[in-house]
Number of protein chains: 2
Amino acid sequence: MISGKPIGRLSLYRRLLNGLMHEGVQSVYSHDLAARAGVTAAQVRRDIMNIGYSGNPNRGYDVRMLVESISNFLDDPDGQNVALVGVGNLGRAILAFFSGRRPKLSIVAAFDSDPEKFGRVIRGCRCYSIDQAPEVIRELNIKIATLCVPANVAQEIADLCIRAGVKGILNFAPVPLHVSGSVYVEDIDMTMSIEKVAYFARTN
Amino acid sequence: MISGKPIGRLSLYRRLLNGLMHEGVQSVYSHDLAARAGVTAAQVRRDIMNIGYSGNPNRGYDVRMLVESISNFLDDPDGQNVALVGVGNLGRAILAFFSGRRPKLSIVAAFDSDPEKFGRVIRGCRCYSIDQAPEVIRELNIKIATLCVPANVAQEIADLCIRAGVKGILNFAPVPLHVSGSVYVEDIDMTMSIEKVAYFARTN
DNA sequence: GTATATTCGTTACTGATTTCACAATATCAT
DNA sequence: ATGATATTGTGAAATCAGTAACGAATATAC
Ligand SMILES: NC(=O)c1ccc[n+]([C@@H]2O[C@H](COP(=O)([O-])OP(=O)(O)OC[C@H]3O[C@@H](n4cnc5c(N)ncnc54)[C@H](O)[C@@H]3O)[C@@H](O)[C@H]2O)c1
Ligand SMILES: NC(=O)c1ccc[n+]([C@@H]2O[C@H](COP(=O)([O-])OP(=O)(O)OC[C@H]3O[C@@H](n4cnc5c(N)ncnc54)[C@H](O)[C@@H]3O)[C@@H](O)[C@H]2O)c1
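Residues numbered from 1 in each chain as written. Chains lettered and ligands numbered in written order. Predicted model: local features only at pLDDT ≥ 70, side-chain atom pairs only at ≥ 80, totals over all residues. Heavy atoms only, no water.

## Here's the deal with the protein's contact with DNA strand D
Short version of the rule: Think of it this way: one heavy atom of a residue within 4 Å of a molecule or strand is enough to make that residue near it. N or O atoms within 3.5 Å of each other form a polar contact, as long as, within protein, one can give a hydrogen and the other can take it, and as long as residues adjacent in sequence are counted only when both atoms are side-chain atoms. Starting at the N terminus, helices and strands are each numbered in turn, a helix being any DSSP run of H or I of at least four residues and a strand any DSSP run of E of at least two. For this scheme, ten residues count as nonpolar: Ala, Val, Leu, Ile, Met, Phe, Trp, Tyr, Cys and Pro. Four count as charged, namely Asp, Glu, Lys and Arg, and the remainder, Gly too, count as polar.
Taken together, 25 residues surround DNA strand D, and among them R46 of chain A together with S30, R46, G55 and Y61 of chain B come closest. Backbone atoms, meaning sugar and phosphate, make up 66% of the atoms of DNA strand D lying within 4 Å of the protein. For DNA strand D, a phosphate oxygen lies 3.3 Å from a polar atom in the side chain of S3 of chain A. With respect to DNA strand D, the side chain of R45 of chain B contributes an N or O atom lying 3.0 Å from a base nitrogen. Counting only elements with at least two residues in the surface near DNA strand D, the list comes to α1 (4–22) and α3 (41–50) of chain A together with α2 (30–37) and α3 (41–50) of chain B. No other element matches the 4 residues that α3 of chain A contributes to the surface near DNA strand D. For the surface near DNA strand D, the per-class residue count stands at 6 nonpolar, 12 polar and 7 charged.

Right, here's the structure in full:
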């Protein structure tokens, strides 16, 4: 009913609003938030309308309450556990970045095929053998997986995760994954992104 | 004249086609390429039409020639140099990944504010002080920057790069950058992406 | 208490992107 | 040659996302 891009913007708004809250700002206008987010004021209003929150004409939006509304909308009240597969260069960077950052969304297990890594705690996250993934994913009720494995195994790892109950995948491997419609895949394709930048840097 | 999303898809098609070429495949149908890319056949045909390449009814597209057409369209014939700013966890992962990968698009300089890193060669890429950036960027004719610096300095680093001649930025810092219309910015916002996945994993 | 100025909520519009549908075209078996 | 078949190229239609515009609502100034 509400589609991908608005969700992404709500996530961004929330992050910006948290920053404002930290600075002690109590209320914010749509055009102000819009400028910070790099979108139009109409879009901010529309997005906020879509989640059922209402601002106050002439006072704008209450920062704290808007954050709360967005959080109610985006977050699972009980929190969600995330798995990371492929503890290589990128995987470790991501573990470092996300470790202990979000209470509602935490990476609770990492998997790799390299025995060097089994049993170790890397950036605060326990690393298991990929063979244990089905079991651990089920036990920890993990529904979200971050794939940082080489491209040639990405599809099989995705299938494995999905069989174990995963419903959403953040895929860093530069190959499109083929999954059933009930599983959501978000691709972060850095190669594509940098080629896009290169193209527009040249032609713009 | 041709906008962001088609460019991204062309980059993806090319990568898939290179894979096919490597396997010795000589020609490919729109629906086959479409399935691999996760888009519709009509879209593949339209995208290819847009860059002026023509296939052969009943034989499909010649893989080698299509790659060449896409490359002619996307790449600068003389190649483009890229700078990476912020040689932290993520920056090092990216350097490792891209080093010596693409001839037409190579990361030729890295910058950081940490004196520990000055003068070192990290993953095959020389690291300079951020203070030298304006000079080095000009000298190496760098028009593309990859930002892997902390969020609180991202805007000032972007401004610095742009003053030195950068026209395209790949921004990993989780803050929208404010730049003039002649500079292209592509954001990779992992926090947003993972929250999106979490949302759809929950609600799909 | 009234006028004024500002902002929100929402509907209608606009423009871009994607898909559809089919004529045109190449190939192959006969 | 020719008919059967599968595919491309592309105008037209449909869908989708984003924008503009304006009535309703609230605060402020005087
Ligand atoms: N590093 C980057 O900046 C970058 C950029 C773009 C894309 N990527 C993509 O991200 C992925 C990871 O990149 P990286 O640089 O971290 O690579 P990496 O080689 O450093 O790490 C890959 C990790 O996956 C593990 N692995 C391999 N096969 C596995 C399996 N079957 N099951 C579980 N684990 C397995 C390896 O042991 C290794 O630890 C790759 O697909 C790469 O194309 C990375
Ligand atoms: N690591 C991840 O997986 C991840 C995920 C999402 C977003 N990000 C974002 O990417 C950026 C980098 O993340 P990271 O994990 O590599 O952080 P990091 O702290 O490991 O690295 C940051 C690097 O930037 C350098 N730096 C700081 N100020 C600088 C300046 N003024 N000029 C030049 N260099 C400067 C630091 O010395 C350090 O080397 C951050 O904005 C972070 O929010 C990272």
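## As for the side chain of E186 of chain A
How we decide: For every residue, the accessible area (1.4 Å probe, protein chains only) is compared with the maximum for its type, and the residue is labelled buried under 20%, exposed over 50%, or partly exposed between those bounds. It only takes one pair of heavy atoms within 4.5 Å for two residues to be counted as in contact.
Following the sequence through the fold, E186 of chain A ends up in strand β9 (residues 184–187). On the accessibility criterion, E186 of chain A (12% relative accessible area) is buried. Contact partners of E186 of chain A, with chain neighbours within four places excluded, come to I169, L170 and N171 of chain A together with S193, K196 and V197 of chain B.

## Examining the relation of the copies chain B and chain A
The criterion, for reference: A least-squares fit on C-alpha atoms brings the copies together, and the residues used are those whose pLDDT is at least 70 in both copies.
When chain B is fitted onto chain A, the two copies agree to an RMSD of 0.1 Å after a turn of 180 degrees and an axial shift of 0.0 Å. Such a turn and shift between the copies fits a two-fold axis. A share of 100% of the interface residues of chain B reappears at the interface of chain A, consistent with the copies meeting face to face through the same patch.

## So, the sheet that holds strand β3 (residues 80–85) of chain A
Hydrogen bonds between backbone groups are what pair the strands of a sheet, and the pairing can be parallel or antiparallel. All names here are of chain A. Rules: Two strands pair under a simple rule: DSSP has to find at least two bridges between them. Convention adopted: a line fitted to C-alpha atoms gives each axis, helices being fitted over their contacting stretch, and angles between N-to-C directions are expressed from 0 to 180 degrees.
On the basis of which strands lie adjacent, the open sheet formed by 7 strands has the order β5-β6-β4-β3-β7-β8-β9 and mixed pairing. The sheet is open, and its two borders are formed by β5 (121–122) and β9, each paired with just one other strand. Across 4 bridges, the pairing between strand β7 (residues 144–147) and strand β8 (residues 168–171) is parallel. The residue of β8 that forms the bridge with I144 is G168. Across the face of the sheet, helix α5 (residues 89–98) comes into contact with β3, β4 (105–112), β5 and β6 (125–129) while running at roughly 155 degrees to β4. Most of the contacts of helix α7 (residues 151–163) go to β7, to which it runs at about 165 degrees, and overall it touches β3, β7 and β8.

## Let's talk about the domain arrangement of chain A
A common way to report how large an interface is uses the accessible area buried once the components associate. So the rule is basically this: These domain limits were set by an automatic method or by a database of domain assignments.
According to the domain assignment, chain A contains domain 1 (4–74) and domain 2 (80–192). On a C-alpha basis, the centres of domain 1 of chain A and domain 2 of chain A stand 30 Å from each other.

## A short note on the site of ligand 2
This is how it is decided: Surface exposure here means Shrake-Rupley accessible area, sampled with a 1.4 Å probe, where a residue is shielded only by the protein chains that are shown.
Taken together, 24 residues lie near ligand 2, and N89, L90, D112, K117 and V149 of chain B sit nearest. Each of chains A and B places residues next to ligand 2. Here a nitrogen atom of ligand 2 sits 3.2 Å away from a polar atom, N or O, in the main chain of A93 of chain A. One of the side-chain N or O atoms of K117 of chain B is found 3.0 Å from an oxygen atom in ligand 2. Alone, ligand 2 offers 820 Å² of accessible surface; in the complex the protein occludes 84% of this. At the level of elements, α5 of chain A together with α5 (89–98) and α7 (151–163) of chain B are the ones that each hand at least two residues to the shell around ligand 2.

## Topic: the protein's contact with DNA strand C
Around DNA strand C sit 24 residues, and of these S30, S54, G55 and Y61 of chain A together with S3 of chain B come closest. Restricting the count to atoms of DNA strand C within 4 Å of the protein gives a sugar and phosphate share of 79%. Here a phosphate oxygen of DNA strand C and a backbone polar atom of G55 of chain A are 2.6 Å apart. In the model, a sugar or linking oxygen of DNA strand C is placed 3.0 Å from a nitrogen or oxygen of the Q43 of chain B side chain. Contributing elements (two or more residues each) for the surface near DNA strand C: α2 (30–37) and α3 of chain A together with α1 (4–22) and α3 of chain B. Counted by class, the surface near DNA strand C contains 5 nonpolar, 12 polar and 7 charged residues.

## Description of the pattern of salt bridges
Formally: In the sections that follow, a salt bridge refers to a side-chain nitrogen of Lys or Arg positioned within 4 Å of a carboxyl oxygen of Asp or Glu.
Inspection of every chain in the model, using the stated rule, returns 18 salt bridges over all chains. The shortest N-O distance in the salt bridge between R9 of chain A and D47 of chain A comes to 2.7 Å. Remark: D47 of chain A occurs in helix α3 and R9 of chain A occurs in helix α1; sequence separation between them is 38 residues. Owing to a relative accessible area of 18%, R9 of chain A belongs among the buried residues under this scheme. Of the charged contacts in the structure, one is a salt bridge between D114 of chain A and K117 of chain A, with a shortest N-O distance of 3.5 Å. Its relative accessible area of 13% is what places K117 of chain A among the buried residues. Taken together, the salt bridges that share partners define one network made up of R14, D75 and R102 of chain A together with E195 of chain B.

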